[in-house]
Amino acid sequence: MSAPAAVPVLQPASPLAAPITHLTVFTLALGLAVFLAVTGATLYFSWKYRHRGARSEPPQLFGNARDEVIWMVLAALLLTLLFALAWWTMNRADPHTGQDGRPDLIVTGHQWYWEASYPRGSNPEGQGVARTANEIHIPAGRRMLVQLQSADVIHDLWVPQLGRKLDAVPGQNGRLWLQADRPGRYLGACAEFCGAQHAWMRFTVIAEPEASYRAWLARQARPAAAATGPAAQGAALLVREGCGECHTVRGLGTHGTVGPDLTHFASRATFAGGALRRTPAQVRSWLQDPQRAKPGTRMPRYPLTQEQLTQLTTYLETLK
């Protein structure tokens, strides 16, 4: 397990994120200019009116109506400018929904992973709802309305390259837009401390061409393929050991919702909230002792034999 990758903050790749970045840069530059002006004036007047050996106090001046009005007007103009820019930015980063109100994507924060489901289904008829974890797929160039919710504590979804951030509050449904200008992978993170493994609540938004996105959605909506050979023993073990109490594997008859949906587990590059890359060795290590890789995770440690670890790992690797 390595340290979490840095999330790019000032590299917008969306018309929703660009106004936020521009406002941030402008505000920082304005603050720096004010700081330099005040510091420069302080140094200049300190030098100009430095002590020159006089034994008496210099003349004392109290109040200057003209200067005070000038400073107040300048401060008011700066605040008015920032208010106008913030208003303009908010309207572009969070435009009116402009559609039927149904979300394209539902993202749910859990301790400690993100679940993404697609309520509109994999085709125009809305059939075949897909569900995944820690990898959110969107079509490049198309704006997606996200419904954000939480299953436990307050989380905060943040993909700085694609849009604004928003709290996921238990019992409430928030809405925000996500959009990517071009295909690519965009890192996201939870921006609200949510417990021991908050740092490992990472996710990736994968933007791809519309045709590829629809093909992915159709694959994700399918149930898991029937296991054969050694993988069948792993599937039977998964059911027998009660893994289905927490995990869903569509096609296997398990419907747990505490942990991530595993129906297409092997189609993801990482798991455990981005803490581990999905390789057979990492999966086996996780099954053997999840607390070692991610202390505090809800995944308990099962006393599995080496043979059972091999069977489960083999089965999970077939869930493409």
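Residues numbered from 1 in each chain as written. Predicted model: local features only at pLDDT ≥ 70, side-chain atom pairs only at ≥ 80, totals over all residues. Heavy atoms only, no water.

Colleague: Just to check I follow, could you spell out the packing of aromatic side chains for this structure?
Modeller: Any two aromatic rings considered together are summarised by their centre-to-centre distance and by the angle between their planes. Applying the stated rule across the entire model yields 9 aromatic pairs. Three or more aromatic residues joined by ring pairs make a cluster, and in this case those are Tyr44, Phe45 and Tyr49. Sitting over the face of the ring of tryptophan 177, arginine 143 holds its NZ or CZ atom 5.5 Å from the ring centroid. (Phe/Tyr/Trp six-rings, centres within 6.5 Å; stacked < 30°, edge-to-face > 60°. Lys NZ or Arg CZ within 6 Å of the ring centre and 35° of its normal.)

Colleague: Is there a simple way to think about the side chain of threonine 108 in this case?
Modeller: Tracing the backbone through its elements, the reader meets threonine 108 in strand β1 (residues 105–110). A relative accessible area of 8% means that threonine 108 is categorised as buried. Looking at threonine 108, its side chain comes within polar contact range of the side chain of glutamine 149, at 3.1 Å. In this structure, threonine 108 is in contact with Tyr113, Trp114, Glu115, Gln149, Ser150 and Ala151, ignoring residues within four places of it in sequence. (Helix = DSSP H or I, 4+ residues; strand = E, 2+ residues; numbered from the N terminus. Buried < 20%, exposed > 50% of the residue type's maximum accessible area, 1.4 Å probe, protein only. Polar contact = N/O pair within 3.5 Å; in protein donor to acceptor, adjacent residues only side chain to side chain. Contact = heavy atoms within 4.5 Å.)

Colleague: Whenever I open this one, the packing of helix α1 (residues 18–48) against helix α2 (residues 65–93) confuses me. Can you help?
Modeller: Each pair of packed helices can be summarised by the angle the axes make with each other and by the distance between the axes. With their axes 9 Å apart at the nearest point, α1 and α2 run at an angle of 165 degrees to one another. Considering the angle they form, α1 stands roughly antiparallel to α2. Note that α1 runs across α2; the crossing there is left-handed. Residues Pro19, Ile20, Leu23, Phe26, Thr27, Leu30 and Val34 of α1 pack against Leu78, Leu81, Leu82, Leu85, Ala86, Trp88, Thr89, Arg92 and Ala93 of α2. (Axes fitted to C-alpha atoms, helices over the stretch in contact; angles between N-to-C directions. Parallel < 35°, antiparallel > 145°, perpendicular 65-115°, else oblique. Left-handed = near helix turned anticlockwise from the far one by under 90°.)

Colleague: Would you explain the sheet that holds strand β10 (residues 203–208) in this entry?
Modeller: Within a beta sheet, neighbouring strands are joined by backbone hydrogen bonds and run either parallel or antiparallel to one another. Sheet architecture is open: 5 strands sit in the order β4-β10-β9-β6-β7, paired in mixed fashion. Pairing within the sheet leaves two strands with one partner each, and these edge strands are β4 (135–139) and β7 (166–168). On average, adjacent strands in this sheet sit at an angle of 30 degrees to one another, irrespective of strand direction. Pairing analysis gives 5 bridges linking strand β9 (residues 184–190) to β10, with the strands arranged antiparallel. Of the residues in β10, the one forming a bridge with glycine 188 is phenylalanine 203. Across the sheet, helix α3 (residues 210–221) touches β4 and β10, and the angle it forms with β4 is around 135 degrees. (Pairing = 2+ DSSP bridges.)

Colleague: Just to check I follow, could you spell out the UniProt feature "domain: Cytochrome c" (unreviewed entry) in the protein for this structure?
Modeller: Under the present numbering, the feature "domain: Cytochrome c" (unreviewed entry) in UniProt falls on residues 229–320. Regarding residues 229–320, the helix share stands at 38% and the strand share at 9%, and the terminal C-alpha atoms are separated by 16 Å. (UniProt positions renumbered as here; feature names shortened; annotations may be inferred.)

Colleague: Help me understand the packing of helix α4 (residues 230–240) against helix α7 (residues 306–316), please; the structure alone is not making it clear to me.
Modeller: Running from N to C, α4 and α7 cross one another at 100 degrees; their axes reach a closest spacing of 7 Å. On the basis of the axis angle, α4 is roughly perpendicular to α7. Of the residues in α7, those touching α4 at Pro230, Ala231, Gln233, Gly234, Ala235, Leu237 and Leu238 are Gln308, Gln311, Leu312, Thr314, Tyr315 and Leu316. Taken together, the residues of the contact of α4 with α7 sort by class into 8 nonpolar, 5 polar and no charged. (Nonpolar A, V, L, I, M, F, W, Y, C, P; charged D, E, K, R; others polar.)

Colleague: For this particular structure, what's the right way to read the environment of tryptophan 177?
Modeller: Looking at where tryptophan 177 falls in the secondary structure, it is placed in strand β8 (residues 174–178). For the pair formed by tryptophan 177 and phenylalanine 193, sequence separation is 16 residues and the distance between their alpha carbons is 22 Å. Side-chain polar atoms of tryptophan 177 contact the backbone oxygen of proline 95, separated by 3.1 Å.

Colleague: It is not clear to me how a nonpolar patch on the surface should be interpreted in this structure. Could you clarify?
Modeller: A surface patch of nonpolar side chains, about 610 Å² in accessible area, is lined by Val69, Ile70, Trp71, Val73, Leu74 and Leu77. Position of valine 73 among the secondary structure elements: in helix α2. (Patch = residues over 30% accessible without salt bridge, like charges linked within 9 Å, V, L, I, M, F, W, Y side chains within 5 Å. Areas by Shrake-Rupley, 256 points an atom, 1.4 Å probe, with all protein chains shown as cover. Salt bridge = Lys/Arg side-chain N within 4 Å of Asp/Glu carboxyl O.)

Colleague: Explain the pattern of salt bridges here, please?
Modeller: When their charged atoms lie close together, side chains carrying opposite charge are able to pair. Taken as a whole and assessed by the stated rule, the structure comprises 9 salt bridges. In this structure, arginine 214 and glutamate 210 form a salt bridge, with 3.2 Å as the shortest nitrogen-oxygen distance. With arginine 214 and glutamate 210 both in helix α3 and 4 residues apart, this pair spans about one turn of that helix. Of the residues examined, glutamate 210 reaches a relative accessible area of 29% and is grouped as partly exposed. Put simply, aspartate 261 and arginine 250 hold a salt bridge, and the shortest N to O gap is 3.8 Å. Within this pair, whereas aspartate 261 is found in the loop between β12 (254–255) and β13 (270–271), its partner arginine 250 is found in the loop between β11 (248–249) and β12, the two being separated by 11 residues in sequence.

Colleague: Mind showing me how you'd approach the nonpolar core here?
Modeller: If you look at the biggest cluster of nonpolar residues, it comprises 31 residues, and the most contacted ones within it are Ile136, Ile138 and Leu162. Those residues in contact with isoleucine 138 that sit more than four places away from it in its chain are Leu105, Met144, Leu162, Gln179, Ala180, Val205, Ile206, Ala207, Glu208 and Tyr213. Formed by 25 residues, the second largest nonpolar core is a distinct cluster that contains Trp200, Phe265, Phe271 and Met299. (Core = buried A, V, L, I, M, F, W, Y, C linked by side-chain atoms within 4.5 Å.)

Colleague: I'm lost on the side chain of aspartate 156 in this one. Help?
Modeller: Position of aspartate 156 relative to the elements: it lies in strand β6 (residues 155–158). Side-chain polar atoms of aspartate 156 contact the backbone nitrogen of aspartate 167, separated by 3.4 Å. Setting aside anything within four residues of it in sequence, one finds aspartate 156 in contact with Trp114, Lys165, Leu166, Asp167, Ala168, Ala189, Cys190, Ala191 and Glu192.

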